[in-house]
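# A closer look at the structure
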Amino acid sequence: MEKRRVVVTGLGIVSPVGIGVTEAWSNIVAGKSGIARITRFDPSGLGSQIAGEVKGFDVTRYLPPKEARRMDTFAHYGLAAAIEAIKDAGIQVGPHDAHRIGVNIGSGMGGLPMIEDAHDGLHNGGARKISPYFVPGTLINMVAGNLSIRYGFKGPNLATATACAAATHCIGESGRLIEYGDADVMISGGAESTVSPLGVAGLCALRALSSRNDDPQTASRPWDTDRDGFVLGEGAGVVVLEEYEHAKARGATIYCELAGYGMSSDAHHITAPCDDGDGAMRCMANALRNAGVNRDEVDYINAHGTSTPLGDIAETVAIKRCFGDHAARIAVSSTKSMTGHLVGAAGGVEAAFSALALRDQVAPPTINVFRQDPQCDLDYVPNTARRMKIDAALSNSFGFGGTNGGLVFRRI
């Protein structure tokens, strides 16, 4: 069976740099940071006191208050981004096609704040303080479940939980479901909300986070000599994937084609990447092979680029190994310099940014590149967005446990 073509017809974003595609993308292109001191709780006892929080989010725009109280914040973000994406795509569901529309929206950690609150309730008031909605309110697959129920989507209903690569794997696997005929439309991406005392404290204990608390907006500085860890972010990114002929038949607006998807494992360490970038390199090569795209056809990479001392070097090495001499001619940027690291939602938001880069023919910047690390010697689009020809773009996501995912998007 010849695989079917898959295109992107809808985008939804809830992020530290804006709610909705227009606001978020405008701020990304302008190089505006969404990182500030944590307001969700008092962070003064923590080594890292900054985060990319979602600002001005009103869940009642998307859900009735009673329904919203039954879900953790990550589900609020995921449902909001999905609703925005479905609206953007103009998807209508009827009894004749409900079974051909599916959902695959994942998360790295799921309902951590709700778990913390439930534990406090149990400790202080006993079992009677636990809500019957505690378990379904925190499960990672409940964004997909609730969305399917809301719209009557009866196709595949699943979620992937692969840490920082979750959304990318969701999108890639959804594309394959469409390619091989299991669905015509998939609503796919990731959601995360771990800006909580336990979430931040745990990552501080791991020594993963930046401690540049006195200057939050410059704390996330991928590829810079003085980077000292990533900044935690939150939000959701969702894309509508659709079989090409199905999209054309209904007159959908097409952002780009999802041409390829690759995966790999480092098989090396639970948190640290391979020094030689081997896993990431094989992931990118697999995605290009699946896309049928030559290495010299890639114009832009939305990098994983977390601002960690080891990770940024490893990704640079991987890109050079994968692309050879062409690596120096690729625009490589880390939008995490503005959003922070959205963990399981990162790949969803960054896939949307990659689609928008293709649409608008602009490479977003990496901000906060003050002194570029000599070991990170590629073109990172420092500090200012660049108008340029982009026909093919790659989006990278690498997660704890050594799991890697890559998506190739192509202009159509």
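Residues numbered from 1 in each chain as written. Predicted model: local features only at pLDDT ≥ 70, side-chain atom pairs only at ≥ 80, totals over all residues. Heavy atoms only, no water.

### Regarding the pairing of strand S1 (residues 6-15)
Condition: Think of it in three bands: with a 1.4 Å probe and only protein chains considered, a residue is buried below 20% of the maximum accessible area for its type, exposed above 50%, and partly exposed in between. Helix and strand definitions follow DSSP, with helices as H or I runs of at least four residues and strands as E runs of at least two, each counted in order from the N terminus. A pair of strands is treated as paired once DSSP finds two or more bridges between them.
Taking burial as the measure, the ten residues of S1 include ten buried ones, the bulk of the element. Judged from the eight bridges that link them, S1 and strand S8 (residues 235-243) form a sheet pairing that is antiparallel. Directly across from glycine 12, in S8, lies its bridge partner valine 238. With two bridges joining them, S1 and strand S9 (residues 256-265) adopt antiparallel strand pairing. Opposite valine 7, over in S9, you have glutamate 257 as the bridge partner. Across two bridges, the pairing between S1 and strand S2 (residues 18-19) is antiparallel. In the strand pairing of S2, valine 14 is matched with isoleucine 19. Taking the residues that link successive antiparallel strands as the turn, the S1-S2 hairpin has two residues.

### As for the pattern of salt bridges
Where we set the bar: Here, a salt bridge means any Lys or Arg side-chain nitrogen found within 4 Å of an Asp or Glu carboxyl oxygen.
Within the structure shown, the criterion is met by 22 salt bridges. Between arginine 221 and aspartate 224 there is a salt bridge, with the nearest N and O atoms lying 3.8 Å from each other. Each member of the pair, arginine 221 together with aspartate 224, is buried. Among the charged side chains, a salt-bridge network with shared partners connects Arg4, Arg100 and Asp184.

### So, the nonpolar core
Test applied: Each nonpolar core is a collection of buried residues, namely Ala, Val, Leu, Ile, Met, Phe, Trp, Tyr and Cys, held together in the definition by side-chain atoms within 4.5 Å. The split into domains, and so the bounds of each, comes from an automatic or database assignment of domains. Contacts between residues were defined by any pair of non-hydrogen atoms, one from each residue, lying within 4.5 Å.
Judged by nonpolar contacts, the single largest core of 43 residues is most densely connected at Val8, Leu11, Leu241, Phe353, Ile390 and Phe409. For this core, the secondary-structure elements that each account for two or more residues are S1, helix H1 (21-29), helix H7 (166-179), S8, S9, helix H13 (346-360), strand S12 (362-363) and strand S15 (403-410). Considering every element that reaches this core, the biggest residue donor is H13, with nine residues. Shared between two domains, this core holds at least three residues of each, these being domain 1 (6-250) and domain 2 (260-410). Excluding anything up to four places from it in sequence, leucine 11 contacts Val21, Glu84, Ala85, Asp88, Val238, Val239, Tyr255, Ala352, Ala355 and Leu356. By size, the runner-up hydrophobic cluster in this structure holds 33 residues, among which are Val14, Val103, Ile105 and Val240.

### Some remarks on helix H6 (residues 142-151)
Those residues of H6 not exposed but buried are Val143, Ala144, Gly145, Leu147 and Ser148. Here the buried face of H6 lies against helix H3 (73-89), strand S5 (101-106), strand S6 (157-158) and strand S7 (185-192). Downstream of H6 by one or two residues, glycine 152 has phi in the positive range, about 80°.

### Describing the domain arrangement of the chain
For clarity, the threshold we go by: We define buried area as the total accessible area lost by two parts upon association, computed with a 1.4 Å probe and summed across both. Under the rule applied, a polar contact is a pair of N or O atoms within 3.5 Å (in protein, one hydrogen donor and one hydrogen acceptor; residues adjacent in sequence only if both atoms are side-chain atoms).
Each assigned domain of the chain is listed here: domain 1 (6-250) and domain 2 (260-410). Computed from C-alpha coordinates alone, the two centres of domain 1 and domain 2 are separated by 21 Å. Of the roughly 4800 Å² buried where domain 1 meets domain 2, counting both sides, 67% is carbon and sulfur surface. Summed over the three residues of domain 1 that lose the most area to domain 2, namely Trp25, Cys164 and Trp223, the buried surface amounts to 21% of that side. Here domain 1 and domain 2 share three salt bridges between them. Here aspartate 312 makes a salt bridge to arginine 227, at a shortest N to O gap of 3.4 Å. On the surface where domain 1 and domain 2 come into contact, there are 25 residue pairs in polar contact (both at pLDDT 80 or more).

### What to know about the environment of glutamate 257
Topologically, glutamate 257 is positioned in strand S9. Judged by relative accessible area, which is 6%, glutamate 257 ranks as buried. Along the sequence, glutamate 257 and leucine 241 sit 16 residues apart, while their C-alpha atoms lie 8.9 Å from each other. Beyond its immediate chain neighbours, meaning those up to four positions away, glutamate 257 contacts Arg5, Val6, Val7, Val408, Phe409, Arg410 and Ile412. In terms of polar contacts, glutamate 257 uses its side chain to reach the side chain of arginine 5, at 3.0 Å.

### Quick word on the UniProt feature "active site" (unreviewed entry) in the chain
Applied cut-off: UniProt positions are given in the numbering used here, feature names are shortened, and annotations may be inferred rather than shown by experiment.
Following the UniProt record, one finds the feature "active site" (unreviewed entry) at Cys164. Its location among the elements puts cysteine 164 in the loop between S6 and H7. The exposure class assigned to cysteine 164 is buried, which follows from its relative accessible area of 7%. Contact partners of cysteine 164, with chain neighbours within four places excluded, come to His304, His341, Val343, Gly344, Ser397, Phe398, Gly399 and Phe400.

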